[in-house]
Amino acid sequence: DHGKLFPWRFIVFEGKGRERAGDIFADVMEAEGEREKQVEEERGRFLRAPVVIGVISSARELHKIPVWEQELSAGAVCQNILIAATALGFVANWLTEWYAFHPVVKEKLGLKPGERVAGFIYIGTARDELEERPRPDMEKIVTVF
């Protein structure tokens, strides 16, 4: 059983699976009274990349590894997927937007009670030149002890 070895698992969205996920997002937005433009934007959300990998944290209480470490390992999985995708020549982005936390979305994606989305990793190729994001001033965030 995977869950006994690793406190995380994957959901891979590709092909029609990306459309099915978009339908879930759109249905939730529509049920909440969102305007049509936003509903349609959510329907196409996972179509922005040919593959989206959902990393699902399934940390367990009363385990020899503390929950905090189990949750951190799911984050490490996300980071390693980003590094691997980049090393293979792809562009990747790690996101956790509203749909990562919405209970109806989580249920429809098959998350079990207690499971949480560590991130959705979008993987593809860049259409445009990538812009560097602002980065923190290291002198403000690093303390030498």
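Residues numbered from 1 in each chain as written. Predicted model: local features only at pLDDT ≥ 70, side-chain atom pairs only at ≥ 80, totals over all residues. Heavy atoms only, no water.

A. The arrangement of the overall build of the chain in detail. Along the backbone of the chain there are six helices and four strands. Order of helices (α) and strands (β) in the chain, N terminus to C terminus: α-β-α-α-β-α-β-α-β-α. Counting only C-alpha atoms, the chain reaches 55 × 45 × 30 Å along its principal axes. Classification of the 145 residues of the chain by burial places 35% in the buried group. With an accessible surface of roughly 10,100 Å², the chain has 56% of that area assigned to carbon and sulfur atoms. (Helix = DSSP H or I, 4+ residues; strand = E, 2+ residues; numbered from the N terminus. Buried < 20%, exposed > 50% of the residue type's maximum accessible area, 1.4 Å probe, protein only. Areas by Shrake-Rupley, 256 points an atom, 1.4 Å probe, with all protein chains shown as cover.)

B. Inspection of the environment of E69 at higher detail. Along the polypeptide, E69 turns up in helix α4 (residues 67-87). Looking at E69, the relative accessible area reads 46%, which means it is partly exposed. For the pair E69 and I81, spaced 12 residues apart in sequence, the C-alpha separation works out to 18 Å.

C. Fine view of the side chain of E115. Position of E115 relative to the elements: it lies in the loop between α5 (103-108) and β4 (116-124). According to the relative accessible area criterion, E115 is buried, its value standing at 6%. A polar atom in the side chain of E115 sits 2.8 Å from the side chain of R9. There is a polar contact of 2.7 Å between the side chain of E115 and the backbone nitrogen of K112. (Polar contact = N/O pair within 3.5 Å; in protein donor to acceptor, adjacent residues only side chain to side chain.)

D. Up close: the nonpolar core. Of all hydrophobic cores here, the largest spans 19 residues; its most connected members are F13, F46, Y99, L109, F120 and Y122. Among the secondary structure elements, those contributing two or more residues to this core are β1 (8-14), α2 (16-31), β2 (51-57) and β4. Top contributing element to this core by residue count: α2, with four residues. Filtering out sequence-adjacent residues up to four positions away, L109 remains in contact with I11, F13, I24 and F120. (Core = buried A, V, L, I, M, F, W, Y, C linked by side-chain atoms within 4.5 Å. Contact = heavy atoms within 4.5 Å.)

E. Representation of the sheet that holds strand β3 (residues 91-95) in the model. Spatially, the four strands line up as an open sheet ordered β1-β2-β4-β3, and their pairing is antiparallel. Every interior strand has two partners, whereas the edge strands, β1 and β3, have only one. Averaged over all pairs of adjacent strands, the angle between strand axes in this sheet comes to 20°, irrespective of strand direction. As defined by bridge partners, β3 adjoins β4 across five bridges and the pair is classed as antiparallel. Note on β4: the bridge partner recorded for L95 is F120. (Pairing = 2+ DSSP bridges. Axes fitted to C-alpha atoms, helices over the stretch in contact; angles between N-to-C directions.)

F. Here's a closer look at the pattern of salt bridges. Scanning all chains against the criterion turns up 10 salt bridges. One salt bridge connects R9 with E115, and the closest N-O pair in it is separated by 2.8 Å. Of this pair, R9 sits in strand β1 while E115 is found in the loop between α5 and β4, placing the two residues 106 residues apart along the sequence. Note on accessibility: R9 and E115 belong to one class, buried. Measuring nitrogen to oxygen at the nearest pair gives 2.9 Å for the salt bridge that ties D23 to R43. Remark: R43 occurs in helix α3 (residues 36-43) and D23 occurs in helix α2; sequence separation between them is 20 residues. On the basis of relative accessibility, which here comes to 26%, the residue R43 falls in the partly exposed class. A single salt-bridge network, built from bridges that share partners, covers E42, R45, R48 and E97. (Salt bridge = Lys/Arg side-chain N within 4 Å of Asp/Glu carboxyl O.)

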